[in-house]
Amino acid sequence: MTKTTAKVEILDVTLRDGEQTRGVSFSTSEKLNIAKFLLQKLDIDRVEIASARVSKGEFETVQKIIEWANTESLSDRIELLGFVDGNRTVDWIRDAGAKVLNLLTKGSLHHLEKQLGKTPQEFFKDVSFTIDYARKNGLRVNVYLEDWSNGFRNSPEYVDSLVSHLSKENVERIFLPDTLGVLSPSETYRGVDELVQKFPELHFEFHGHNDYDLSVANSLEAIRAGVKGVHASVNGLGERAGNTPLEALITAIHDKTEFKTKVNELAITEASRLVEVFSGKRISANRPIVGEDVFTQTAGVHADGDKKGNLYANPILPERFGRKRSYALGKLAGKASISENVKQLGMVLSDVVLQKVLERVIELGDQNKLVTPEDLPFIIADVSGRTGEKVIEIKSCNIHSGIGIRPHAQIEIEYQGKVHKEISEGDGGYDAFMNALTKVTNRVGISIPKLVDYEVRIPPGGKTDALVETMITWNKSAEAEEGQTFKTMGVHPDQTIAAVQATEKMLNQILQPWQT
């Protein structure tokens, strides 16, 4: 089939379909910030931000997003899901100030008969009324064929008649959803190809769900078959197994097809982090493109290969997404892994010390202990015979919190031979501690890095007296950029004290002039 364009449009559905993820509900400010990022920094073609008639709060959210979009001339790129309900959806969208209706119609005869109890002729008449009313009220219209994937497989005559009917209406795009995520790549190609061949003048788009973990593959097949747009959500947010993950889809389109998108790859990681924070849904460390570990080499032979010409690198380079490759430390590490981490810390080691460090890291790995790059200076100091004394030490820390009292902390910090005492309150125990610590560091001229992430872990099946591992991610500078962060860890039965230990490690990390 001859391709008519080298560009594929992207509709991001994070703010609409993504909000159907269990436990996810974005506030007005969160939706506005995500919409701004998607349109301005990620440069998504269009975003679907809400469903019509959900609530008064959703109406006000849409109004605020549209108000902002009008000031940036972006309102034409904002779309809302609506329904075949006479004039109610159209009035709601019009009054909110939006300009584009994505009309949800029934894309399978089974859905039409079982859910609405109508004949195709009755339903088509209702669809035409809504489209005509929307156009008269100044809205542009796209149409979803809900459950299209089952429709073309089980009731192809109905799908053909619906698309034929829509081809005579004033609509801009027809969306083909795999609503239940049931398609295989070959089925997707067949279903799309049949429609594109019959209706070559229409603009079709594919909307995938990931129940079989095939949504990216299905989207690529839909593109190959002739769709002009595909839908996705950041981090794959969506009902059940989620929608097509935007980060993997964009990368696959750019690398595995002759098509391109206008999406800015450098902003993908930041978009993922933004949605992760606002949604409260953490992504797995091994998630393609955006997972914390996906650009980490664990085996020493891989690190050695990278040093000798990127022998273990693939086209998905971390720099494309504003990230950097890292090398894990553990029992599988080799000299190359150690030397790369040492290099990134700005340190120089002799071959003898390097070998001793490697042996210690392997020993700790065999004990199932986590070793981070920030632990290396302390390991180096130990194996090279240095004392590794603390530059700054938390001599005592008393933290009080509870129901009905304002959390407060009392600390004693020793720095350069002098003990500093402070008391402060906070919104929680650790916040009170950090407020007291900040008073001390401000007094002695120490700038505390920005806290980026705070993670608490206990052993599976752990009891109330189990050791708690608190891992804190810090930013080396005021601006959060990939490669500028570092982590410190504390282990203690008390979660807050573990965090205090991690904070002490951070202070010594930024103050110790490590050179060997």
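Residues numbered from 1 in each chain as written. Predicted model: local features only at pLDDT ≥ 70, side-chain atom pairs only at ≥ 80, totals over all residues. Heavy atoms only, no water.

As recorded in an unreviewed UniProt entry, the protein goes by (R)-citramalate synthase CimA and comes from Leptospira ellisii. The annotation that UniProt attaches to the protein under Sequence similarities (unreviewed entry) is "Belongs to the alpha-IPM synthase/homocitrate synthase family." (UniProt positions renumbered as here; feature names shortened; annotations may be inferred.)

Novice: So what exactly am I meant to see when it comes to the pattern of salt bridges here?
Specialist: When their charged atoms lie close together, side chains carrying opposite charge are able to pair. Applying the stated criterion to the full structure yields 39 salt bridges. The residue Glu58 makes a salt bridge to Lys31 at a minimum N-O spacing of 2.7 Å. Of the two residues, Glu58 is situated in helix H2 (residues 56–71) and Lys31 in helix H1 (residues 28–41); the sequence distance between them amounts to 27 residues. As far as burial versus exposure is concerned, Glu58 and Lys31 are alike and both buried. Its salt-bridge partner being Lys262, residue Asp43 comes within 3.5 Å of it at the nearest N-O pair. (Salt bridge = Lys/Arg side-chain N within 4 Å of Asp/Glu carboxyl O. Helix = DSSP H or I, 4+ residues; strand = E, 2+ residues; numbered from the N terminus. Buried < 20%, exposed > 50% of the residue type's maximum accessible area, 1.4 Å probe, protein only.)

Novice: What exactly am I supposed to notice about the packing of aromatic side chains here?
Specialist: One pair of aromatic rings is described through two measures. These are the centre distance and the angle between the planes. Here the structure, examined in full by the defined rule, presents seven aromatic pairs. Both rings, one in Phe129 and one in Tyr133, keep their centres 6.1 Å apart while their planes meet at 5 degrees; by these two values the pair is stacked. You can see Phe129 and its partner Tyr133 sitting in helix H5 (residues 120–136), four residues apart, about one turn around the helix. By relative accessible area, Tyr133 is classed as partly exposed at 21%. Members of the aromatic cluster, each reached through a chain of ring pairs, are Tyr430, Phe433 and Tyr454. Between the NZ or CZ atom of Arg224 and the centre of the ring of Tyr189, over which it lies, the distance is 4.2 Å. (Phe/Tyr/Trp six-rings, centres within 6.5 Å; stacked < 30°, edge-to-face > 60°. Lys NZ or Arg CZ within 6 Å of the ring centre and 35° of its normal.)

Novice: What's the story with the sheet that holds strand E14 (residues 450–457) in this structure? I'm lost.
Specialist: Strands in a sheet are paired, the pairing made by backbone hydrogen bonds, and the direction either parallel or antiparallel. With antiparallel pairing, three strands are arranged side by side in an open sheet as E14-E15-E16. Two strands lie at the open edges of the sheet, namely E14 and strand E16 (485–492), each paired on one side alone. Averaged over all neighbouring strand pairs, the angle between strand axes comes to 20 degrees, with direction disregarded. Across eight bridges, strand E15 (residues 468–475) lies against E16 in antiparallel orientation. Opposite Thr473, over in E16, you have Lys487 as the bridge partner. (Pairing = 2+ DSSP bridges. Axes fitted to C-alpha atoms, helices over the stretch in contact; angles between N-to-C directions.)

Novice: What is the right way to look at empty space enclosed by the protein in this model?
Specialist: To locate leftover empty space, one rolls a probe as large as a water molecule over the atoms. One pass over the full model with this rule turns up two cavities of 30 Å³ or more. Empty space within the largest cavity amounts to approximately 70 Å³. Lining the largest cavity, in full, are Trp148, Phe152, Pro156, Val159, Asp160, Gly191, Glu194, Leu195 and Lys198. Listing elements by their share of the lining of the largest cavity, those giving two or more residues are helix H6 (148–154), helix H7 (156–167) and helix H8 (185–198). The element that contributes the greatest number of residues to the lining of the largest cavity is H8, accounting for four residues. Tallied by class, the residues present in the lining of the largest cavity amount to five nonpolar, one polar and three charged. (1 Å grid on protein atoms, 1.4 Å probe; cavity = no way out; pocket = protein on both sides within 12 Å on 5 of 7 lines; lining within 4 Å. Points joined across faces, edges and corners; volume = space filled by probe spheres on them. Nonpolar A, V, L, I, M, F, W, Y, C, P; charged D, E, K, R; others polar.)

Novice: Hey, could you run me through the side chain of Asn210 in this one?
Specialist: By secondary structure assignment, the location of Asn210 is in the loop between strand E7 (204–207) and helix H9 (215–225). At a separation of 3.2 Å, a polar atom in the side chain of Asn210 contacts the main-chain amide nitrogen of Leu214. Each residue touching Asn210, except ones within four places of it in the same chain, is listed here: Ser215, Ala241, Gly242 and Asn243. (Polar contact = N/O pair within 3.5 Å; in protein donor to acceptor, adjacent residues only side chain to side chain. Contact = heavy atoms within 4.5 Å.)

Novice: Whenever I open this one, the nonpolar core confuses me. Can you help?
Specialist: Soluble, globular proteins show a tendency: their nonpolar side chains are buried together. Leu42, Trp148 and Phe204 are the most contacted members of the largest nonpolar core, which totals 88 residues. Setting aside anything within four residues of it in sequence, one finds Trp148 in contact with Gly107, Val159, Leu176, Pro177, Leu183, Gly191, Val192, Leu195 and Phe206. Tyr415, Ile446, Val500 and Met506 belong to the second-largest nonpolar core, a separate cluster that totals 23 residues. (Core = buried A, V, L, I, M, F, W, Y, C linked by side-chain atoms within 4.5 Å.)

Novice: Before we go on, may I ask you to explain the packing of helix H16 (residues 429–444) against helix H17 (residues 495–511) in this structure?
Specialist: Helix packing geometry: the angle between the two helix axes and the distance between the axes. Direction vectors running N to C along H16 and H17 enclose 25 degrees, while the axes themselves pass 10 Å from each other. Relative to H17, H16 is oriented roughly parallel. Once H16 is placed against H17, the crossing between them reads as right-handed. Between H16 and H17, the residues in contact are Gly429, Tyr430, Phe433, Met434, Leu437 and Thr441 and Thr496, Ala499, Val500, Thr503 and Leu507, respectively. (Parallel < 35°, antiparallel > 145°, perpendicular 65-115°, else oblique. Left-handed = near helix turned anticlockwise from the far one by under 90°.)

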